[in-house]
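Below, each chain spelled out in residue letters.
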Amino acid sequence: MSLEEKLAAGLCQLKLELAPEMQAQLLKFIELLHKWNKVHNLTAVREPSKMIAHHLLDSLAVAPYIEDKRLLDVGSGGGLPGIPLAIVKPGLGVTLLDSNHKKTGFLRQAVIDLGLKNVNVIAERVEQFQPEQRFDMVISRAFSELAEFVKLTRHLLAENGKLLAMKGVYPEKEMAALPPDIKVEEVISLDVPELGAKRHLVVMRVLA
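We now turn to the structure provided with this report. These numbers come from a predicted model, not from an experiment.

## Brief notes about the sheet that holds strand β5 (residues 157–167)
Judged by pairing direction, the sheet is mixed, and its seven strands sit side by side in the order β3-β2-β1-β4-β5-β7-β6 without closing on themselves. Looking at the sheet topology across the chains shown, the edges are occupied by β3 (119–123) and β6 (182–190). Each strand of the sheet is rotated relative to its neighbour by a mean of 20°, with strand direction disregarded. Of the strand pairs in this sheet, strand β4 (residues 135–141) and β5 are connected by six bridges, and their pairing is parallel. Bridge pairing in β5 links Val138 to Leu163. Contacts from helix α3 (residues 48–60) reach β4, β5 and β7 (199–206), with the element oriented near 150° to β4. Across the sheet, helix α5 (residues 101–114) touches β2 (93–98) and β3, and the angle it forms with β3 is around 165°.

## Points about the packing of aromatic side chains
Taken as a whole and judged by the stated rule, the model has three aromatic pairs. When the centroid spacing of 5.4 Å and the interplanar angle of 55° are considered together, the rings of Trp36 and Phe106 count as tilted. Within this pair, whereas Trp36 is found in helix α2 (residues 20–40), its partner Phe106 is found in helix α5, the two being separated by 70 residues in sequence. With relative accessibility at 1%, the residue Phe106 sits in the buried group. Taking the centre distance of 6.3 Å and the plane angle of 40° together, the rings of Phe129 and Phe135 count as tilted. On the basis of relative accessible area, Phe135 is assigned to the buried category, the value being 2%.

Thresholds applied
Residue numbers restart at each chain and count upward from 1, following the sequence in its written direction. Residue-level local features of this predicted model are given only where pLDDT is at least 70; pairs of side-chain atoms are given and counted only at 80 or more, and the full residue set underlies all totals for whole chains, interfaces and linings. To obtain the side-chain values, all non-hydrogen atoms of the structure were included, while hydrogens and water were left out. Pairing between strands is defined by DSSP: at least two bridges between the two strands are required. Each helix is a run of H or I in the DSSP string that is no shorter than four residues. Each strand is a run of E no shorter than two, and both are numbered from the N terminus. Interaxial angles span 0 to 180 degrees and are taken between N-to-C directions of axes, which are lines fitted to C-alpha atoms, for helices over the stretch in contact. Residue contacts are defined here by distance: any two heavy atoms, one from each residue, within 4.5 Å place the two residues in contact. The criterion for an aromatic pair is that two Phe, Tyr or Trp rings (for Trp, the six-membered ring) have centres within 6.5 Å, with stacked assigned to planes under 30 degrees apart, edge-to-face to planes over 60 apart and tilted to the rest. The buried label goes to any residue with under 20% of its type's maximum accessible area, the exposed label to any with over 50%, and the partly exposed label to all in between, with areas taken from a 1.4 Å probe on protein chains only.

Structure representation (structure tokens):
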């Protein structure tokens, strides 16, 4: 099965209908990730065919729960989930934040090569980042435990904003360790095609 067919089949299972141009952009992103990965070690997944499920479909599984507002992708690394989300949701304003300058160098080049007008890249430590405007949603993928994620990012969240943590197995112990002013609004079970692993999206708010 070609990469195009793998992506198309996965999108069908996720019930995401994307224009051919968007699918082409997603595949170009994988091509860039694969090329730069040889030098910069952006991801442990080496094969483009595996990147489709592990990176693209895993990132896009959360797309239905992302509103067209301002999103901060913390510890973005290779641009996941921020770049796939920016491609499929052009109305979304995405900021990719990572402290690793090699990784942000890749992210800046990827944004140029993909022609993404709705993406901004910041090279800074999350706890030191002080944006002019806070974010409606702050998302992380395999970044840290929930309590640490909340501690490091709560100053970046706009009023009534949401913290979104992409997790593997249902994070019961991590949720139990959250501070009392953090409300878990919902835990969404995600079914990522071809992944063969459990995935959950934890949606949290800061109580007033």
